[in-house]
Amino acid sequence: MSDNAIKGAIHSIETFGSVDGPGVRFVVFVKGCALRCKYCHNVDTWDPHSDDMRTSDEILDQAERYRSYWGNDGGITVSGGEPLLQIDFLIDLFKKAKERGINTCIDTAGQPFTRNEPFFGKFNELMKYTDLLLVDIKHIDAEEHVKLTGKSNENIKDFIKYLSEIGKPIWIRHVLVPTITDNDEYLKRTREFIEELSNVEKIEVLPYHSMGEYKWEELKIPYSLKNIEAPSQERVINAEKILRGQLA
Ligand code: SF4
């Protein structure tokens, strides 16, 4: 390994991930995110700085120790934080992963996406080595998206449309938050958006929970969803039906 090998800013590793893509997966959580989702449960990933900098080979050598558990479906997932903020590292990591025959997945909110260079060329390079993306739709409504995350969803919608244009498989994930996203009108608009896509393999509703709240307190950042409860099972099923097109 050369001394100038590109390194990723790592937050943590989960060796037996079961909710971040198909099968059992080695999940690498990276640092840095430009969104500020009010319900973020990984608020400690926002700061892009990390004392844990690792090369692709270091990560893949560790990941491969768990290979026998992956079966046909498993592999590695990079989550965050926002993985696309470290796109040069991701290209290096996934290129080497594919050389080792490892299934690759990115868990992203798409916020860094632009069709401008140099990002766009790099993104297309990355897609050569990416098998699947788990894409969060935070909020379908432009203004509500800004209120919820601090940023526009224009380029995020364009990101998802682009993945459809190039036929890259995605799983869509949507966090159901009472009073914010748990609203039939917004859910139906999200469904209309999904209907225009041809690459969606799965749609998952993630019920809001406040388990990450203690991290906000530790970092002394005010948590604005204090009075919001988790949605009922009935509302989760309702959201799943609407987003999957099972309701008229
Ligand atoms: S995109 Fe993910 S890591 Fe970033 S603020 Fe939102 S929930 Fe947190």
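Provided above is the structure to which this section pertains.
Model, not experiment: these values are computed from the prediction.

Scoring rules and cut-offs
Residues numbered from 1 in each chain as written. Predicted model: local features only at pLDDT ≥ 70, side-chain atom pairs only at ≥ 80, totals over all residues. Heavy atoms only, no water. Pairing = 2+ DSSP bridges. Helix = DSSP H or I, 4+ residues; strand = E, 2+ residues; numbered from the N terminus. Axes fitted to C-alpha atoms, helices over the stretch in contact; angles between N-to-C directions. Phe/Tyr/Trp six-rings, centres within 6.5 Å; stacked < 30°, edge-to-face > 60°. Lys NZ or Arg CZ within 6 Å of the ring centre and 35° of its normal. Expected span 1.5 Å × (residues − 1). Buried < 20%, exposed > 50% of the residue type's maximum accessible area, 1.4 Å probe, protein only. Arc of directions from axis to C-beta. Contact = heavy atoms within 4.5 Å. Polar contact = N/O pair within 3.5 Å; in protein donor to acceptor, adjacent residues only side chain to side chain. Near = heavy atom within 4 Å. Nonpolar A, V, L, I, M, F, W, Y, C, P; charged D, E, K, R; others polar.

Observations regarding the sheet that holds strand β6 (residues 132-136)
The pairing of strands in a sheet comes from backbone hydrogen bonds and takes either a parallel or an antiparallel form.
No. 1: Spatially, β3-β1-β2-β4-β5-β6-β7-β8 is the arrangement adopted by the eight strands of the open sheet, whose pairing is mixed. Each edge of the sheet is formed by a strand with only one pairing partner; in this case those strands are β3 (53-55) and β8 (200-207). Geometrically, the sheet is characterised by an average inter-axis angle of 30° between neighbouring strands, direction not taken into account.
No. 2: Sheet topology note: the strand β2 (residues 25-30)/strand β4 (residues 75-79) ladder contains five bridges and is parallel. Among the inter-strand pairings, valine 27 is bridged to a residue of β4, identified as threonine 77.

Concerning the packing of aromatic side chains
No. 1: Scanning all chains against the criterion turns up 14 aromatic pairs.
No. 2: Centroid distance phenylalanine 16 to tyrosine 66: 5.5 Å. Interplanar angle 85°. Geometry classified as edge-to-face. Residue phenylalanine 16 is found in strand β1 (residues 7-17), and its partner tyrosine 66 is found in the loop between α1 (56-64) and β4; the two are separated by 50 residues along the sequence.
No. 3: Centre to centre, the rings of phenylalanine 113 and phenylalanine 159 are 5.3 Å apart; their planes meet at 50°, and the pair counts as tilted. A residue pair is termed long-range when its members are at least 10 positions apart, and phenylalanine 113 in the loop between β5 (104-108) and α3 (119-127) and phenylalanine 159 in helix α5 (residues 154-165) qualify at 46 residues.
No. 4: Put simply, the rings of Phe113, Phe119, Phe120, Phe123, Phe159 and Tyr162 touch in pairs and so form one group of aromatic residues.
No. 5: It is lysine 202 that lies over the ring of tryptophan 171; its NZ or CZ is 4.2 Å from the centre.

Focus: helix α6 (residues 184-195)
No. 1: Between the first and last C-alpha of α6 there are 16 Å, a value that for 12 residues agrees with the 16 Å anticipated at 1.5 Å per step.
No. 2: Listed as buried for α6 are Tyr186, Leu187, Thr190, Arg191, Phe193 and Ile194. Relative to the axis of α6, the buried residues are bounded by an arc of 160° and lie together on one face.
No. 3: Of the surrounding elements, those touching the buried residues of α6 are α4 (142-149), α5, β7 (170-176), β8 and α8 (233-243).
No. 4: Of the residues that open α6, the one with a side-chain oxygen 2.9 Å from the backbone nitrogen of glutamate 185 is asparagine 183.

Considering the site of the ligand
No. 1: The ligand sits among Cys33, Leu35, Arg36, Cys37, Cys40, Thr45, Trp46, Gly81, Ala109 and Lys138.
No. 2: The residue inventory of the shell around the ligand, partitioned by class, reads six nonpolar, two polar and two charged.

Function cannot be inferred from these measures alone, as they are strictly geometric.
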